[in-house]
Amino acid sequence: MKTIKVRGKKRLGGCLQVQGAKNSVLPILAATLLINGRSVIHNCPDLTDVDAALKILIMLGCVCVRDETTVIVDASDAANYEISKELMSEMRSSVVFLGAVISRMGKAVISYPGGCELGPRPIDLHLSALKKMGVSVNDADDRLICSASGGIRGAEIFLTFPSVGATENIIIAACLSKGTTVIKNAAKEPEISDLCDFLNKAGAKIKGAGSSTVIIEGVNKLHSVEHRVLPDRIVAATYLSAAAVTNGEICLKNTGAANMLSIIRFFDDMGCNIKTNGKEIYLKGKEKYSACLDITTGVYPAFPTDAGPVTLPLFLKSDGSNSITETIFKNRFRYIDQLNKFNADITLDGNTAISNGIKELIGANVECTDLRGGAALILAALMAEGESVIYKTYHIERGYCNIVNCFAELGADIKEL
Ligand code: EPZ
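Note that the coordinates shown come from a computational prediction; the quantities given were computed from them, not determined experimentally.

Novice: What should I look at first to understand the side chain of S84 in this one?
Specialist: With respect to the helices and strands, the residue S84 is situated in the loop between strand 5 (70-74) and helix 3 (85-90). For S84, a relative accessible area of 17% translates into the label buried.

As structure tokens, then:
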């Protein structure tokens, strides 16, 4: 998919099943390397980032089979420890394979994930933790050669920042290590708990997942496992926002509402009629809102950085002054220039995006800058008078399954070109 055309101002309505969480299935796919057998993963979303992760597993010697939203990985014959530069660049978050490859093979050769649309993606926290666990890390031109000839050993690790990826890498590296690993100031995102649920079902001994102290007692082996990936809370936020900005109504099924409290609170504070029974979320939008909110993104359970772009368009329906302050990624607001092409009036003041009241959006031709910023442009096009064309929509395919069909089923006039 490269380009999408939208004719706006249609009220969206209907029910939607939420896809499995991209940021949960990616570390879980990496963790399948620890299992000398089969991992059956249900509710696995069909995304280009997942395709890239499966390509890495196949490159490492695994057998991967996908049947609709079920993926089966057999890592019995995994034998390679090198991930190519091409695959590392295809998916920034492939660094999450590092701990798994070192644990399984005793060695890993990767390249630095490099910057992405959101800015530099350093991995210093990953590397300093792995070094504490007995891993030697050497730079050779732009390749990173890591090895743990004597095996990975447990350690006490304090993360100076509760990095999601670093927490995941340490947990994966610690499962089959000698001794016990304690992570202090660990990330608490629901996707970490889902990864630990998967690993514990395979025989790992992990306590404290979802809290800031995670304790992993190394075991000798992990066995075949079956797991259902938790629902994607950012995709859910995107579809709730689409109903909110088009004065529509939506019922989301199979959501993990308990993991979305800050997002549900946002729509409630904005003035939407939003209700949930824990599994389903119902939202009814309004023609216009009068809230004045100043949102600050943060690590879980704060309002998620990824939810910022997909909820900001709602500010354009509110006659108050609303703002979002981003605290996680430097380049989170690259999509704002494109958003303002719709006649929006979002001003940037440092890491704060400010919306000054209701704007009648006009259809525009725009380019996606990143995954969630691209989703924001679709939401703006759905609100705008007239026709919009959105280019470089491959960014969106990284995180959304069949987004055009999903919006069309909700009543949008949208098609791929
Ligand atoms: C994960 O990225 C997600 N990706 C991101 O979603 C999400 O936005 C982010 O967590 C925050 O919730 C996946 O799970 C695949 P971090 P991750 O390590 O692990 C700095 C998407 O497209 N940092 O918590 O990379 C880093 O620069 C993505 O779905 C270091 O300084 O996030 C950033 O400023 C976007 N050194 C901050 O921490 C390190 O060693 C948060 O990074 C690691 C991170």
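Novice: Looking at this structure, I do not really get the sheet that holds strand 18 (residues 321-325). What am I missing?
Specialist: Two modes of strand pairing occur in sheets, parallel and antiparallel, and in both the strands are linked by backbone hydrogen bonds. Spatially, 17-18-20-19 is the arrangement adopted by the four strands of the open sheet, whose pairing is mixed. Of all the strands in the sheet, just strand 17 (294-296) and strand 19 (346-349) have a single pairing partner and so form its edges. Neighbouring strand axes in the sheet, compared pairwise and without regard to direction, differ in orientation by 20° on average. In this structure, strand 17 lies alongside strand 18, joined through three bridges in parallel fashion. Paired with D294 across the two strands is S323, which belongs to strand 18.

Novice: I tried to follow helix 4 (residues 98-105) on my own but got confused; where do I start?
Specialist: Think of an α-helix as 3.6 residues a turn; residues three or four steps apart then line up on the same face. Buried residues dominate helix 4, accounting for six of its eight residues. Every buried residue belonging to helix 4 is among L98, G99, A100, V101, I102 and S103, and all of these are buried. In this fold, the buried residues of helix 4 make contact with helix 1 (22-31), strand 6 (107-111), helix 5 (124-132), strand 8 (143-147) and helix 6 (164-174). Downstream of helix 4 by a residue or two, G106 has a phi angle that is positive, lying close to 80°.

Novice: Help me understand the pattern of salt bridges, please; the structure alone is not making it clear to me.
Specialist: A side chain with one charge can pair with a side chain of the opposite charge if their charged atoms come near. In total, this model carries 18 salt bridges according to the counting rule given. The salt bridge involving D319 is made with K288; its shortest N-O contact spans 3.0 Å. On the criterion of sequence distance, the pair formed by D319 in the loop between helix 10 (307-311) and strand 18 and K288 in the loop between strand 16 (281-284) and strand 17 is long-range, its members being 31 residues apart. A salt bridge links D306 to R332, with the shortest nitrogen-to-oxygen separation between them at 2.4 Å. Here R332 lies in the loop between strand 18 and helix 11 (336-340) and D306 lies in the loop between strand 17 and helix 10, a separation of 26 residues in the sequence.

Novice: Help me out: how do you make sense of empty space enclosed by the protein in this one?
Specialist: This model, assessed by the stated rule, comprises one cavity of 30 Å³ or more. A volume near 30 Å³ is recorded for the largest cavity. Taken together, V18, P231, D232, R233, A236, T255, G256, N259 and M260 make up the lining of the largest cavity.

Novice: What is the right way to read the nonpolar core from this model?
Specialist: Proteins that are soluble and globular tend to have nonpolar side chains buried together. Among the nonpolar cores identified, the biggest contains 80 residues, and L29, F97 and L199 are the most heavily contacted of them. In terms of nonpolar packing, the next biggest core, distinct from the first, is built from 73 residues, A307, C368, L377 and F407 among them.

Novice: Just checking my understanding: could you explain the packing of aromatic side chains for this structure?
Specialist: Within a pair of aromatic rings, the relevant descriptors are the distance that separates the centres and the angle that separates the planes. All chains considered together, the criterion is met by five aromatic pairs. Measuring from ring centre to ring centre gives 5.0 Å for Y239 and F407, while their planes differ by 50°; the resulting arrangement is tilted. In this pair, Y239 is assigned in helix 8 (residues 233-245) and F407 in helix 14 (residues 403-409), connecting sequence segments 168 residues apart. The exposure classification of Y239 matches that of F407, with both residues buried. Centre to centre, the rings of F266 and F315 are 6.0 Å apart; their planes meet at 55°, and the pair counts as tilted. Note that F266 is positioned in helix 9 (residues 261-270) and F315 in the loop between helix 10 and strand 18, a separation of 49 residues in sequence. Taking relative accessible area as the criterion, F266 reaches 1% and is therefore assigned buried. On the basis of relative accessible area, F315 is assigned to the buried category, the value being 0%.

Definitions and cut-offs
Residues numbered from 1 in each chain as written. Predicted model: local features only at pLDDT ≥ 70, side-chain atom pairs only at ≥ 80, totals over all residues. Heavy atoms only, no water. Helix = DSSP H or I, 4+ residues; strand = E, 2+ residues; numbered from the N terminus. Buried < 20%, exposed > 50% of the residue type's maximum accessible area, 1.4 Å probe, protein only. Pairing = 2+ DSSP bridges. Axes fitted to C-alpha atoms, helices over the stretch in contact; angles between N-to-C directions. Contact = heavy atoms within 4.5 Å. Salt bridge = Lys/Arg side-chain N within 4 Å of Asp/Glu carboxyl O. 1 Å grid on protein atoms, 1.4 Å probe; cavity = no way out; pocket = protein on both sides within 12 Å on 5 of 7 lines; lining within 4 Å. Points joined across faces, edges and corners; volume = space filled by probe spheres on them. Core = buried A, V, L, I, M, F, W, Y, C linked by side-chain atoms within 4.5 Å. Phe/Tyr/Trp six-rings, centres within 6.5 Å; stacked < 30°, edge-to-face > 60°.

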